[in-house]
Amino acid sequence: MIVSLSSIELQVKQTCDASGVPTIQHPFYLCFGRDVWALTRKEISGESLAQAVAVLIAKWVARGLTLAVLQAIRTDVFNVGAPIAP
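Definitions and cut-offs
Residues numbered from 1 in each chain as written. Predicted model: local features only at pLDDT ≥ 70, side-chain atom pairs only at ≥ 80, totals over all residues. Heavy atoms only, no water. Salt bridge = Lys/Arg side-chain N within 4 Å of Asp/Glu carboxyl O. Helix = DSSP H or I, 4+ residues; strand = E, 2+ residues; numbered from the N terminus. Buried < 20%, exposed > 50% of the residue type's maximum accessible area, 1.4 Å probe, protein only. Disulfide = S-S within 2.5 Å. Axes fitted to C-alpha atoms, helices over the stretch in contact; angles between N-to-C directions. Parallel < 35°, antiparallel > 145°, perpendicular 65-115°, else oblique. Left-handed = near helix turned anticlockwise from the far one by under 90°. Contact = heavy atoms within 4.5 Å. Nonpolar A, V, L, I, M, F, W, Y, C, P; charged D, E, K, R; others polar. Expected span 1.5 Å × (residues − 1). Core = buried A, V, L, I, M, F, W, Y, C linked by side-chain atoms within 4.5 Å.

A.B. asks: Hey, could you go over the pattern of salt bridges for me, with residue numbers and the actual values?
C.D. replies: Pairs can form between side chains of opposite charge whenever their charged atoms are close. The final tally for this structure, using the stated rule, is two salt bridges. The shortest N-O distance in the salt bridge between lysine 59 and aspartate 35 comes to 3.4 Å. Residue lysine 59 is located in helix α3 (residues 46-62), and its partner aspartate 35 is located in helix α2 (residues 26-40); the two are separated by 24 residues in the primary sequence. For lysine 59, a relative accessible area of 33% puts it in the partly exposed group.

A.B. asks: Would you mind going over the state of the cysteines in detail, with residue names and values included?
C.D. replies: All told, the structure shown has zero disulfides when counted by the stated rule. Cysteine 16 takes part in no disulfide bond, and the closest cysteine sulfur, belonging to cysteine 31, lies 11 Å away. Assessed through its relative accessible area of 29%, cysteine 31 is described here as partly exposed.

A.B. asks: I'd love a proper account of the packing of α3 against helix α4 (residues 67-77), names of residues and values included.
C.D. replies: Contact geometry for α3 and α4: axes closest at 10 Å, N-to-C directions at 150 degrees. Considering their axes alone, α3 and α4 lie roughly antiparallel with respect to each other. Helix-helix and strand crossings are classified by hand; for α3 and α4 the assignment is right-handed. Note on element contacts: α4 touches α3 through Leu67, Leu70, Gln71 and Arg74, opposite Val53, Ile57, Trp60 and Val61. Its residues placed into classes, the contact of α3 with α4 shows six nonpolar, one polar and one charged.

A.B. asks: Tell me about α2, and please be specific about residues and values.
C.D. replies: In a regular helix each residue adds 1.5 Å, so 15 residues correspond to 21 Å; α2 covers 21 Å between its end C-alpha atoms and thus fits that length. All of the buried residues in α2 are His26, Tyr29, Leu30, Phe32, Gly33, Val36, Trp37 and Leu39.

A.B. asks: Any details on the nonpolar core? Residues and values, ideally.
C.D. replies: Buried together is how nonpolar side chains tend to be arranged in soluble globular proteins. Grouped together as the largest cluster of nonpolar side chains are 24 residues, with contacts concentrated most on Val12, Tyr29, Phe32, Val53, Ile73 and Phe78. Residue assignment for this core shows that the elements contributing at least two residues are α1 (2-19), α2, α3 and α4.

So this is what it looks like as structure tokens:
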């Protein structure tokens, strides 16, 4: 479990670096990554997971993080797509 989380955190850091996120903001993106990782450990998947991650993205955008970077982490690190609009 710890190995999985550390691998995820490394990928989140790489995504932040590639997106030009200042190092001082990395801990906030890591927190987002941990939130998504926790969701992936539960018994949800598919559209339910995509919607739950969308809620997390909205929460972290409200806290000042960049939408495009959060979406890149969602897609590139966790392989979760955007939710399908109702």
